[in-house]
Amino acid sequence: MSDAINHPPHYTAGPIEVIDYIEQIVKQYPPEIGYHIGNALKYLSRAPLKGNMAQDLGKAVWYIERAASINASETGVQIAPSPSTLDGY
């Protein structure tokens, strides 16, 4: 029987549960951007499983760009432009 609250199928498709992976990865990031990285990982992990891949990929990009923006404001290091700003090249 599926447990949609504690173990939803779109987060348990692989050998480890997505939340366990996210918790390990986020520890490596500064706290001010860890939340955003975690959300990006969540959306990337579920994108092919929830039925709206484009929306989940877009959300992941939004969180990554937000994390990069916060990092840039703290370090002065800018990231490369996102694919959306490269349209037409």
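Below: a short report on this structure.

Quick notes on the rules
- Residues numbered from 1 in each chain as written.
- Predicted model: local features only at pLDDT ≥ 70, side-chain atom pairs only at ≥ 80, totals over all residues.
- Heavy atoms only, no water.
- Helix = DSSP H or I, 4+ residues; strand = E, 2+ residues; numbered from the N terminus.
- Buried < 20%, exposed > 50% of the residue type's maximum accessible area, 1.4 Å probe, protein only.
- Contact = heavy atoms within 4.5 Å.
- Areas by Shrake-Rupley, 256 points an atom, 1.4 Å probe, with all protein chains shown as cover.
- Axes fitted to C-alpha atoms, helices over the stretch in contact; angles between N-to-C directions.
- Left-handed = near helix turned anticlockwise from the far one by under 90°.
- Nonpolar A, V, L, I, M, F, W, Y, C, P; charged D, E, K, R; others polar.
- Patch = residues over 30% accessible without salt bridge, like charges linked within 9 Å, V, L, I, M, F, W, Y side chains within 5 Å.
- Salt bridge = Lys/Arg side-chain N within 4 Å of Asp/Glu carboxyl O.
- Phe/Tyr/Trp six-rings, centres within 6.5 Å; stacked < 30°, edge-to-face > 60°.

**Quick word on the overall build of the chain**
- A tally of regular secondary structure across the chain gives 3 helices and 0 strands.
- Taken from the N to the C terminus, the helices and strands of the chain come in the order α-α-α.
- Relative to its 89 residues, the chain shows a buried fraction of 28%.
- Considering only intrachain contacts with a sequence separation of at least 6, the fraction spanning at least 24 residues in the chain is 43%.
- Just so you have it, the chain exposes about 6,400 Å², and 59% of that area is on carbon and sulfur atoms.

**What about the packing of helix α1 (residues 18-26) against helix α2 (residues 31-46)?**
- Axis separation between α1 and α2 bottoms out at 9 Å; the angle between their running directions is 150 degrees. Along this stretch, α1 crosses α2, giving a crossing that reads as right-handed. Together, V18, Y21, I22, I25 and V26 of α1 and G34, G38, L41, K42 and S45 of α2 make up the contact between the two elements.
- Here the residues of the contact of α1 with α2 sort into 6 nonpolar, 3 polar and 1 charged.

**So, a nonpolar patch on the surface**
- Judged by side-chain polarity, L44, M53, L57 and I64 come together as a nonpolar surface patch covering roughly 330 Å² of accessible area.
- In terms of residue count, helix α3 (residues 53-75) provides more of the nonpolar patch than any other element does, 3 residues in total.
- Topologically, L44 is positioned in helix α2.
- For L44, a relative accessible area of 40% translates into the label partly exposed.

**What to know about the packing of aromatic side chains**
- Enumeration over the complete set of coordinates arrives at 3 aromatic pairs.
- Ring geometry for Y35 versus Y63: centroids 6.3 Å apart, planes at 75 degrees, classification edge-to-face. Here Y35, found in helix α2, pairs with Y63, found in helix α3; they are 28 residues apart in sequence, far enough to count as distant.
- Note on Y35: relative accessible area 54%, which makes it exposed.
- Geometrically, the ring pair formed by W62 and Y63 is edge-to-face, given 4.9 Å between the ring centres and 85 degrees between the ring planes.
- Residue W62 is classed as partly exposed on the basis of its relative accessible area of 46%.
- Using a relative accessible area of 16% as the deciding quantity, one classes Y63 as buried.

**Digging into the pattern of salt bridges**
- On inspection of all chains with the given rule, the structure shows 1 salt bridge.
- For the salt bridge of D56 with R46, the shortest nitrogen-to-oxygen distance reads 3.1 Å. With D56 in helix α3 and R46 in helix α2, the pair connects residues that are 10 residues apart, well separated along the chain. As far as burial versus exposure is concerned, D56 and R46 are alike and both buried.

Everything listed here is a matter of geometry and, on its own, says nothing about what the molecule does.
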